Amino acid sequence: MECAASNLRRATGRYPHRPAPGGGSQVVVQARAAVCAVPEIEASAPREGAGAHAAQGRVLMASIHDQAGSVRAGEALDLDRLDPWLKQHLPGLVGTPQVTQYAGGASNWTYRLHYDTHDLILRRPPAGTKAKSAHDMGREFRVLSRLCQVFPAAPRPYVYCDDESVIGAPFYLMERRRGLILRKSSPSEIVITPDVAHRLSIALIDQLALLHSIDYQAAGVADLGKPEGYVQRQVSGWTGRYAQAKTGEVPAMDRVGGWLGEQQPPRRLPERAASRG
């Protein structure tokens with residue numbers, strides 16, 4: 001989940017709506033009723049000279065957002081085919097997109113397409129042989145299409161294409177969210193003090209709790225996984241994998257694993273949870 005590098009405090013819950021491009025066709029599954037979260041990035045700044053400091057803060061925060069870079073060799077998009085397809089299915093796109101690629105993560109390839117009028121993210125599976133369900137762009141699109149209507153942190157998808165003649169693989173477009181993904185090494189402008197780390201951790205847990213409080217049946221995602229037994233599968237699966245992979249004794253991990261095993265809820269839960277199955 002993306003962590004916005006605002007003033008590193010919890011989100012306020014204010015999510016202004018940004019209009020999505022329109023469009024539709026037989027190969028498009030369009031999320032139409034969603035009004036989804038686009039958190040504004042607010043820079044922290046001293047109160048004295050608030051206007052100038054805030055402007056400087058916004059420039060600083062923009063400079064440390066995760067940025068896409070050059071497209072990797074052999075992973076370029078065929079713009080001669082993609083650009084006309086997008087302009088046919090997303091009316092309002094103007095200009096030729098500036099295409100860059102996000103380097104982090106290799107499970108699926110992620111690109112930024114910056115048009116004169118829109119700033120879009122394209123997701124597609126990698127080239128080569130793939131596991132049957134490991135890179136299902138259609139499923140990813142359907143999950144986001146339903147989830148963004150009830151979970152403001154989920155980005156809004158715009159259009160999905162299963163015609164592999166366009167770029168050689170299924171793909172979908174979604175809104176771009178500006179922010180910073182916290183990795184092992186943080187930008188020098190961000191100092192992760194113990195207090196900041198604590199607040200980030202609480203904010204992450206709050207979002208996970210909000211996600212899992214969603215009525216997944218009402219949200220229309222009940223057919224996307226296997227909710228019953230989810231907790232048991234996760235606890236037994238991850239503790240088992242840890243036991244098989246550990247290279248030394250960590251008593252705290254054994255205690256946590258035992259506690260999780262003892263604290264599991266009944267297999268039949270109230271019908272409220274959004275899970276991956």
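Here's what I pulled together on the structure shown here. Bear in mind the structure is a predicted one, so any value in this text is a computation, not a measurement.

1. Quick word on the side chain of Glu75
Here is step 1: If you trace the backbone, Glu75 turns up in the loop between helix H1 (50–63) and helix H2 (79–89).
Here is step 2: With a relative accessible area of 13%, Glu75 lands in the buried category.
Here is step 3: At 2.8 Å, the side chain of Glu75 and the side chain of Arg72 are in polar contact.
Here is step 4: The residues touching Glu75, leaving out its near neighbours within four places in the chain, are Gln101, Trp109 and Tyr111.

2. With respect to the environment of Ala153
Here is step 1: Mapped onto the elements, Ala153 comes out in the loop between helix H3 (137–147) and strand E4 (157–161).
Here is step 2: Residue class for Ala153 comes out partly exposed when judged on its relative accessible area of 25%.
Here is step 3: Separated by 58 residues in sequence, Ala153 and Leu211 place their C-alpha atoms 9.0 Å apart.

3. Some points on the pairing of strand E2 (residues 109–114)
Here is step 1: Taken across its six residues, E2 has five buried, putting it largely inside the fold.
Here is step 2: Inspection of the sheet shows strand E1 (residues 98–101) paired to E2 by four bridges, in the antiparallel sense. Note on E2: the bridge partner recorded for Val99 is Leu113.
Here is step 3: Looking at chain direction, E2 and strand E3 (residues 119–124) are connected through six bridges and run antiparallel. Across the sheet, Arg112 pairs through a bridge with Ile121, a residue of E3.
Here is step 4: Counting the residues between successive antiparallel strands, the hairpin from E2 to E3 contains four residues.

4. Overview of the pairing of strand E5 (residues 171–175)
Within a regular beta strand, the side chains point alternately toward one face of the sheet and then the other, so they alternate between its two faces.
Here is step 1: In terms of residue burial, E5 counts as a mostly covered element, since five of its five residues are buried.
Here is step 2: Sheet analysis places E3 next to E5, joined by four bridges and oriented antiparallel. Directly across from Leu120, in E5, lies its bridge partner Glu175.

5. Section: the pattern of salt bridges
Here is step 1: A complete count under the given rule lists ten salt bridges for this structure.
Here is step 2: A salt bridge links Arg199 to Asp195; the shortest N-O distance between them is 3.0 Å. With a gap of four residues between them, Arg199 and Asp195 both fall in helix H4 (residues 194–212), about one helical turn apart.
Here is step 3: Assessed through its relative accessible area of 30%, Arg199 is described here as partly exposed.
Here is step 4: The exposure class of Asp195 is partly exposed, given its relative accessible area of 46%.

6. Re the packing of aromatic side chains
Here is step 1: Applying the stated rule across the entire model yields three aromatic pairs.
Here is step 2: An angle of 70° between the planes, with centres 5.4 Å apart, marks the rings of Trp85 and Phe171 as edge-to-face. Residue Trp85 is found in helix H2, and its partner Phe171 is found in strand E5; the two are separated by 86 residues along the sequence. With respect to burial, Trp85 and Phe171 carry one shared label: buried.
Here is step 3: Over the ring of Trp238 we find Arg241, and its NZ or CZ is 4.2 Å from the ring centre.

Rules and cut-offs
Chains are numbered independently. Their residues run from 1 in the order of the written sequence. Totals for whole chains, interfaces and linings use all residues, but because this is a predicted model, local features are given only for residues with pLDDT of at least 70 and pairs of side-chain atoms are given and counted only at 80 or more. Side-chain measures here rest on the full set of heavy atoms in the structure, leaving out hydrogens and waters. The helix count covers DSSP runs of H or I at least four residues long, the strand count covers runs of E at least two residues long, and both are numbered beginning at the N terminus. Working definition: with a 1.4 Å probe on protein chains only, accessible area under 20% of the residue-type maximum means buried, over 50% means exposed, and in between means partly exposed. Any pair of N or O atoms that falls within 3.5 Å is considered a polar contact. Within protein, one atom must be able to donate a hydrogen and the other to accept it, and sequence-neighbouring residues count only if both atoms are side-chain atoms. Any two residues having at least one pair of non-hydrogen atoms within 4.5 Å are treated as being in contact. Strand pairing follows a simple DSSP-based rule, namely that at least 2 bridges must link the two strands. Any Lys or Arg side-chain nitrogen found within 4 Å of a carboxyl oxygen on Asp or Glu counts as a salt bridge. For Phe, Tyr and Trp, where Trp contributes only its six-membered ring, two rings pair if their centres lie within 6.5 Å, and the inter-plane angle classes them as stacked under 30 degrees, edge-to-face over 60, or tilted in between. To sit over a ring, a charge needs its Lys NZ or Arg CZ within 6 Å of the ring centre and within 35 degrees of the ring normal.

Keep in mind that these numbers describe shape and distance, not what the molecule does.
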